[in-house]
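These are the residues of each chain, in order.
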Amino acid sequence: MEEETNPNEEVVVKKSQNWLWILGTIVAIGVLVYFILSGFGMFKAPAPATNTNNNQSEQPVVNNTPTVTDENIDNLLNQLDVEESQANTALNDTPIDVLSDN
Amino acid sequence: MINKNLFISILITAGLVVATGIFAAETQTQTPAQKAAAAQAALMVKQKEKAGQEIDRRITFLNNAIEKINAAKKITTEQKTALVSQVQAEIAALQQLKVKINADTDKATLLADRKAIVQQYRIFAVFEPRIAIISYADKILNIADLMDTQTTNADIKAKIADAKTKAQKAITDVLALTPEGYPGNKTILQASKALLTEARKELIDARLLMKQAVTPPSTPATNP
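Residues numbered from 1 in each chain as written. Chains lettered and ligands numbered in written order. Predicted model: local features only at pLDDT ≥ 70, side-chain atom pairs only at ≥ 80, totals over all residues. Heavy atoms only, no water.

Focus on the overall build of chain B
Secondary structure assignment for chain B yields 7 helices and 0 strands. The order of α-helices and β-strands along chain B, N terminus first, is α-α-α-α-α-α-α. In chain B, which comprises 224 residues, the proportion classed as buried is 42%. Partitioning the contacts of chain B with sequence separation of at least 6, the portion at a separation of at least 24 is 75%. Of the roughly 11500 Å² of accessible surface on chain B, 60% is carried by carbon and sulfur atoms. (Helix = DSSP H or I, 4+ residues; strand = E, 2+ residues; numbered from the N terminus. Buried < 20%, exposed > 50% of the residue type's maximum accessible area, 1.4 Å probe, protein only. Contact = heavy atoms within 4.5 Å. Areas by Shrake-Rupley, 256 points an atom, 1.4 Å probe, with all protein chains shown as cover.)

Now the structure itself:
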């Protein structure tokens with residue numbers, strides 16, 4: 001005697017299988033969308049701001065306006081050591097090689 | 001139902017194929033010519049960036065130089081004006097060069113422009129020593145003037161006058177220099193600096209004499 005199947009049960013089983021396929025499709029499309037957006041750089045972290053000015057060497061600004069009094073002649077003469085040193089540095093300065101690619 | 005499942009399977013497979021294609025496109029093997037072109041472009045970007053930094057460094061120096069020139073007391077207004085005008089002209093030219101470098105598209109032009117940063121403007125080879133010498137000489141002249149008012153001794157006054165003459169000559173000589181005169185004018189820069197070293201020594205000697213003049217003979221003079 002052939003066992004009869006309930007048509008309603010068959011519909012329920014098919015519906016549950018459909019949900020699996022739909023879920024799989026959604027996941028696959030999600031992965032696809034992710035890859036596409038990745039291709040356009042949508043998920044890249046923003047590049048950190050670079051300081052293009054970091055190689056600059058600040059030239060020291062010498063105080064040119066000392067108050068000249070009788071008492072500070074010695075101090076002023078001592079300050080000439082700094083000027084002497086700066087002049088030597090300026091004359092012997094080897095600038096950074098602009099043409100190097102490093 | 002089978003057709004529906006088949007359709008969904010094809011859809012998923014197609015999605016995976018497309019995704020794989022995107023990744024494959026990113027990692028696609030380039031021809032040697034394409035690789036060379038890409039490497040050249042990347043190198044030019046790097047060279048432009050470095051050139052820009054070097055130009056900025058020079059402009060910063062020149063702006064500080066203007067402050068030093070304006071603070072000098074012993075050069076004439078005309079000399080200040082002329083020197084500041086020169087510096088401002090260099091700043092403007094460097095700014096134009098920076099714009100040009102950023103717009104360069106071939107490596108030969110870029111190389112020529114990068115060379116110009118150093119060879120045409122000579123900021124650190126000529127301007128920096130010039131400004132340093134003028135600043136140094138200006139201070140010597142200031143101190144010499146102050147010391148001159150503090151003594152009537154002829155020997156001391158003679159040393160002070162000699163120091164002033166040397167400092168003044170150093171200023172006059174370096175003011176006449178131009179970037180185009182490099183490297184020939186390096187000799188003048190070195191000679192001017194040597195004059196200032198001598199002038200400084202004369203002021204120190206004069207100061208010692210001044211102290212000895214007011215110090216009892218039994219007390220040894222101290223080195224300032």
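Having seen the structure, we can now continue with the description.
Considering the packing of helix H6 (residues 154-175) of chain B against helix H7 (residues 186-214) of chain B
Residues and elements named next belong to chain B. As a packed pair, H6 and H7 sit with axes 8 Å apart at the nearest point and diverge in direction by 160°. It follows from the interaxial angle that H6 and H7 lie roughly antiparallel. Handedness of the crossing formed by H6 with H7: left-handed. Among the residues making up the contact of H6 with H7, the classes are represented as 15 nonpolar, 1 polar and 8 charged. (Axes fitted to C-alpha atoms, helices over the stretch in contact; angles between N-to-C directions. Parallel < 35°, antiparallel > 145°, perpendicular 65-115°, else oblique. Left-handed = near helix turned anticlockwise from the far one by under 90°. Nonpolar A, V, L, I, M, F, W, Y, C, P; charged D, E, K, R; others polar.)

Thoughts on the side chain of Asp104 of chain B
Residue and element names in this part refer to chain B. Tracing the sequence through the fold places Asp104 in the loop between helix H3 (77-103) and helix H4 (107-119). You can call Asp104 buried: its relative accessible area is 6%. What Asp104 contacts, discounting residues up to four positions off in sequence, is Met44, Lys48, Thr109, Leu110 and Asp113.

With respect to the confidence of the model for chain A
Counting all residues, the mean pLDDT for chain A is 69, and 44% of those residues have values of 70 or more. Counting contacts from residues 47-68 of chain A, a segment whose pLDDT is below 50, to residues more than four positions away or on other chains yields 38 contacts. (pLDDT = per-residue confidence, 0-100.)

Looking at the nonpolar core
Formed by 59 residues in total, the largest nonpolar core has its most connected members in Phe61, Leu62, Ile123, Ile140, Met147, Leu196 and Leu203 of chain B. Of all elements in the fold, only helix H2 (73-92) of chain A together with helix H2 (32-71), H3, H4, helix H5 (123-148), H6 and H7 of chain B reach the threshold of two or more residues within this core. In terms of residue count, the dominant contributor to this core is H5 of chain B (15 residues). Ignoring any residue separated from it by four or fewer positions in sequence, one finds Ile140 of chain B in contact with Leu80 of chain A together with Ala163, Ala167, Leu196, Ala199, Arg200 and Leu203 of chain B. (Core = buried A, V, L, I, M, F, W, Y, C linked by side-chain atoms within 4.5 Å.)

Notes on the packing of aromatic side chains
Aromatic ring pairs: the centre-centre distance and the angle between the two ring planes describe each pair. The full count for this structure, using the stated rule, is 1 aromatic pair over all chains. One Lys or Arg, Arg130 of chain B, reaches over the ring of Phe127 of chain B and ends 5.4 Å from the middle of that ring. (Phe/Tyr/Trp six-rings, centres within 6.5 Å; stacked < 30°, edge-to-face > 60°. Lys NZ or Arg CZ within 6 Å of the ring centre and 35° of its normal.)

Quick notes on the packing of H2 of chain B against H5 of chain B
Residues and elements named next belong to chain B. Between H2 and H5, whose axes approach to 10 Å, the crossing angle comes to 20°. Taken together, H2 and H5 sit at an angle that is classed as roughly parallel. Between H2 and H5 lies a crossing of left-handed hand. Residues Arg57, Arg58, Phe61, Leu62, Ala65, Lys68, Ile69 and Ala71 of H2 touch H5, and the partners they reach there are Ile123, Phe124, Phe127, Glu128, Ile131 and Asp138. For the contact of H2 with H5, the per-class residue count stands at 9 nonpolar, no polar and 5 charged.

What to know about H6 of chain B
An α-helix turns once every 3.6 residues. As a result, residues three or four positions apart point the same way. Residue and element names in this part refer to chain B. In this model H6 runs 31 Å from its N-terminal to its C-terminal C-alpha over 22 residues, within 8% of the 32 Å that 1.5 Å per residue would give. Within H6, the full set of buried residues consists of Ile156, Ile160, Ala163, Lys166, Ala167, Ala170, Ile171, Val174 and Leu175. Looking straight down H6, one finds that the buried residues subtend no more than 165° of arc, so they occupy a single side. Residues of H6 that are exposed and point over 90 degrees away from its buried face: Ala154, Asp155 and Thr165. (Expected span 1.5 Å × (residues − 1). Arc of directions from axis to C-beta.)

A short note on the pattern of salt bridges
Tallied over the entire structure, the rule returns 19 salt bridges over all chains. The salt bridge partner of Arg207 of chain B is Asp74 of chain A, with a shortest N-O separation of 2.7 Å. Here Arg207 of chain B, found in helix H7, pairs with Asp74 of chain A, found in helix H2, and the two come from separate chains. Just as Arg207 of chain B is buried, Asp74 of chain A falls in that class too. (Salt bridge = Lys/Arg side-chain N within 4 Å of Asp/Glu carboxyl O.)

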